[in-house]
Amino acid sequence: MGSLQNWRYTALLPTLISFAGATGILTNSSDLRTTEFDFVVVGGGTAGNVIANRLTENPAFSVLVIEAGGSDRDTLELMAPGFAPLIAPNTQWDWNLTTTPQAALNNRSVSVARGFVLGGSSTINFLAYTRGTSNDFDRYAEITGDDGWSWDRLMPYIFKNEHFMIGESESLENQTARFNPSVHGFTGALPVSLADLSHEIDAKVIDTTTEMSEDYPFNQDMNSGNHLGLGWVQATVENGTRSSSATVYLSDQFLQRPNLQVLVNARVTRVLQSNTTNCTSPTFDQVEFTQDGGASVQVISARKEIILSAGSIMSPHILMHSGIGDPNALFEVGIEPIHNLSSVGQNLTEHPFLSSAWQTLNDWSETRSGPLSHPPLSFMAWLRLPDNSSIFESFKDPAAGPNTAHYELFWINGKVGPEPAQGNFLTLGSVVVAPTSRGAVTLNSSDPLDPPLINFNLLSSDFDMFVQREAFRSAKKFLTGSACSSFIVAAPTNATTDEELDTFIRQNALGVFHPVSTAAMSGKNATWGVVDPDLRVKGVSGLRVVDSSVMPIIPAAHTQAPTYIIAERAADMIKEAWFGVV
Ligand SMILES: Cc1cc2nc3c(=O)[nH]c(=O)nc-3n(C[C@H](O)[C@H](O)[C@H](O)COP(=O)(O)OP(=O)(O)OC[C@H]3O[C@@H](n4cnc5c(N)ncnc54)[C@H](O)[C@@H]3O)c2cc1C
């Protein structure tokens, strides 16, 4: 791990003190007060902890969270935003999953980082807070036939989740050049703040928005519903410390609730039916888990509901091991099908990502990286192909609407990925945010402890390849503009033609850790999809899915904020179903 010399100890101290006093996180099931709860939440990740927190606001509801990973408490690496590039992938806090060989990437397998720790991926992510666009959510409303998923109707949940922190070191007027207070929530749960560095390169990036304003217009606030343009990153950071679903929704004050228990180091293997005589619809009311690597299993009961919040890879994995999925595929690996739901695990969508390191004159990494209290990203741009782009002759525009990007550029301090030979670098990430390639999560065996087969099918569509090329060309154009060019010493590749760029992309593209849509929501009577608009699993009782897997289409966003937003609304839907009031 890197040096801690820049860490803001003063910011950290109160956090350490409160963590030291944390209660209520159990490591052994024998310490549970009961084996029957109203709700059992599977996965103490981004979405799961929102559900646990909101349901236990009602003292009449008892909730157990079961998390496969360990506690996040007292761990500096997880608290300091600057450590983000070092804590995933391939660490003790990551599930350490990989894809199957990706045909369009020269058969390379790529990493599928997922948080294996309380807080899930919100504990190990890069902290960028991006909501997506009004088009993204309005399309969810249209697909599901539920207007409650539209941008306007979700606004109260966006605000309920967000606690925007105004920085104290700078006047509000200065800060509002970088964000628009009228589109933010200031009383919600999750601290969000501006990336607040100021260095020479910032001015160069901003100058480019004036110099090339048609290509890279400045956007004061990319979380307004219209993200197009270039602007300042907002991040899930409070006073230099990461805010995650565990630090916020499972903070000490909530862990003291007598109706909430959290069990870590407990891996859920299946959901079960205690009574199989009900022929109308299978009812799932038990959760099977192991704390000893499968040597023994234990069972916990849910009186009201089981909420699967194990994320886009493991929620469908658990469903399939429980007999819910495509019956033929289940039969093939030796699992008895219980409920035919062939969309489980299908529609897997990931944002393809090309990380390109540009050699710079000065050490941007050194001058920019600053204290570990800062997130790794400071600017982002969300950009569209021109309307008359030739690709639209063969592909319908897959973006959610005219306010929504086809690709994103972001700037990272220093070098991401395998180390280059020598020199100073800045990384320009280019991401296809309206991909048309679809993959799947499928099973390898009937053993629930075996990792699933994960196939993103990254860049398998010509549209995605086209956008990835154009995104790289756009990054190059940006950096060779007069504001930045004096800074750049060498490009990462000399490739210019489509063929040369394809070779570069196939050798270097990755996923950006935003997999979604494997338990997609669809209209109530749709013949596809896994959950109804209220996130109940179609055709069974007692089971909902609440996490990033329910997004019917990948948003043009980094996926933590959309996941939080969905979870906040889901919590109200569950309360309403069982109490009639929220
Ligand atoms: C390295 C990385 C960087 C990222 N950077 C960003 C970013 O900068 N901005 C952004 O918006 N998004 C980012 N993302 C994506 C974002 O964090 C995720 O999309 C989002 O947090 C997913 O939330 P979730 O609730 O669906 O799943 P998770 O938060 O992953 O939660 C799932 C939880 O379920 C647990 N679990 C799984 N299976 C089981 C089981 N069988 N039994 C018990 N528990 C189980 C997991 O351990 C985990 O805690 C990043 C993700 C990663 C991994």
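Residues numbered from 1 in each chain as written. Predicted model: local features only at pLDDT ≥ 70, side-chain atom pairs only at ≥ 80, totals over all residues. Heavy atoms only, no water.

1. Considerations on the site of the ligand
Consideration 1: Neighbouring the ligand are 39 residues, the closest being Thr 46, Glu 67, Ser 121, Ser 548 and Thr 559.
Consideration 2: In this structure, an oxygen atom belonging to the ligand sits 3.0 Å away from a side-chain N or O atom of Trp 95.
Consideration 3: A distance of 2.8 Å is found between a nitrogen atom of the ligand and a backbone nitrogen or oxygen belonging to Val 268.
Consideration 4: Expressed as a share of its isolated accessible area of 1000 Å², the protein-covered part of the ligand is 99%.
Consideration 5: The leading source of residues in the shell around the ligand is helix H11 (residues 311-321), at 3 residues.
Consideration 6: For the shell around the ligand, the class distribution of residues is 18 nonpolar, 17 polar and 4 charged. (Near = heavy atom within 4 Å. Polar contact = N/O pair within 3.5 Å; in protein donor to acceptor, adjacent residues only side chain to side chain. Areas by Shrake-Rupley, 256 points an atom, 1.4 Å probe, with all protein chains shown as cover. Helix = DSSP H or I, 4+ residues; strand = E, 2+ residues; numbered from the N terminus. Nonpolar A, V, L, I, M, F, W, Y, C, P; charged D, E, K, R; others polar.)

2. Some points on the nonpolar core
Consideration 1: Core analysis: the largest hydrophobic core is formed by 135 residues, its most contacted members being Ile 51, Trp 149, Leu 319, Leu 409, Trp 411, Leu 535 and Leu 543.
Consideration 2: Dropping the residues within four chain positions of it, Trp 149 is found in contact with Phe 137, Tyr 140, Ala 141, Thr 144, Leu 154, Met 521, Pro 533, Leu 535, Ile 566, Arg 569 and Met 573.
Consideration 3: Grouped together as the second largest cluster of nonpolar side chains are 14 residues, Met 222, Val 233, Leu 377 and Trp 382 included. (Core = buried A, V, L, I, M, F, W, Y, C linked by side-chain atoms within 4.5 Å. Buried < 20%, exposed > 50% of the residue type's maximum accessible area, 1.4 Å probe, protein only. Contact = heavy atoms within 4.5 Å.)

3. A closer look at the pairing of strand S20 (residues 377-383)
Here is the key point about a regular strand: its side chains alternate between the two faces of the sheet.
Consideration 1: The element S20 is extensively covered by neighbouring structure, given that 7 of its 7 residues are classed as buried.
Consideration 2: Two elements, strand S8 (residues 229-232) and S20, share 4 bridges in a ladder whose sense is antiparallel. In the sheet register, Gly 231 faces S20, and the bridge partner there is Met 380. (Pairing = 2+ DSSP bridges.)

4. Structural notes on the side chain of Thr 56
Consideration 1: The topology assignment puts Thr 56 in the loop between helix H2 (46-55) and strand S3 (63-66).
Consideration 2: There is a polar contact of 3.1 Å between the side chain of Thr 56 and the backbone oxygen of Asn 53.
Consideration 3: Look past the residues within four positions of Thr 56 in its chain and what remains in contact with it is Phe 61, Val 63, Arg 257, Asn 259 and Leu 260.

5. Some points on the domain arrangement of the protein
Consideration 1: Looking at the assigned domains, one finds that the protein contains domain 1 (24-72 + 246-348 + 518-578) and domain 2 (83-113 + 124-242 + 350-443 + 454-511).
Consideration 2: Taken over C-alpha atoms, the centre of domain 1 sits 29 Å from the centre of domain 2.
Consideration 3: Listed as interface residues are 46 residues of domain 1 and, on the opposing side, 51 residues of domain 2.
Consideration 4: In total, about 4100 Å² of surface goes out of reach between domain 1 and domain 2, with carbon and sulfur atoms giving 68% of it.
Consideration 5: For the interface between domain 1 and domain 2, the tally reads 2 salt bridges.
Consideration 6: Arg 569 is paired through a salt bridge with Asp 146; the nearest N and O atoms lie 3.1 Å apart. (Domains from an automatic or database assignment. Buried area = accessible area lost by both parts, 1.4 Å probe. Salt bridge = Lys/Arg side-chain N within 4 Å of Asp/Glu carboxyl O.)

6. Observations regarding the sheet that holds strand S9 (residues 234-235)
Consideration 1: The strand order S6-S7-S9 describes an open sheet built from 3 strands, whose pairing is mixed. The open sheet has two edge strands with one neighbour each: strand S6 (162-164) and S9.
Consideration 2: The strands that helix H6 (residues 151-161) touches are S6 and strand S7 (190-194); relative to S6, the one it contacts most, it runs at about 60°. (Axes fitted to C-alpha atoms, helices over the stretch in contact; angles between N-to-C directions.)

7. Regarding the sheet that holds strand S24 (residues 453-455)
Consideration 1: Ordered in space as S18-S23-S24, the 3 strands form an open sheet in which the pairing is antiparallel. At either end of the open sheet lies a strand with only one pairing partner, and these are strand S18 (346-348) and S24. In this sheet, neighbouring strand axes are inclined to one another by 35° on average, regardless of whether the strands run parallel or antiparallel.
Consideration 2: Pairing geometry for strand S23 (residues 439-442) and S24, over 3 bridges, is antiparallel. The residue of S24 that forms the bridge with Val 441 is Ile 454.
Consideration 3: Where H11 meets the sheet, its contacts fall on S18, S23 and S24, and the angle it forms with S23 comes to roughly 50°.

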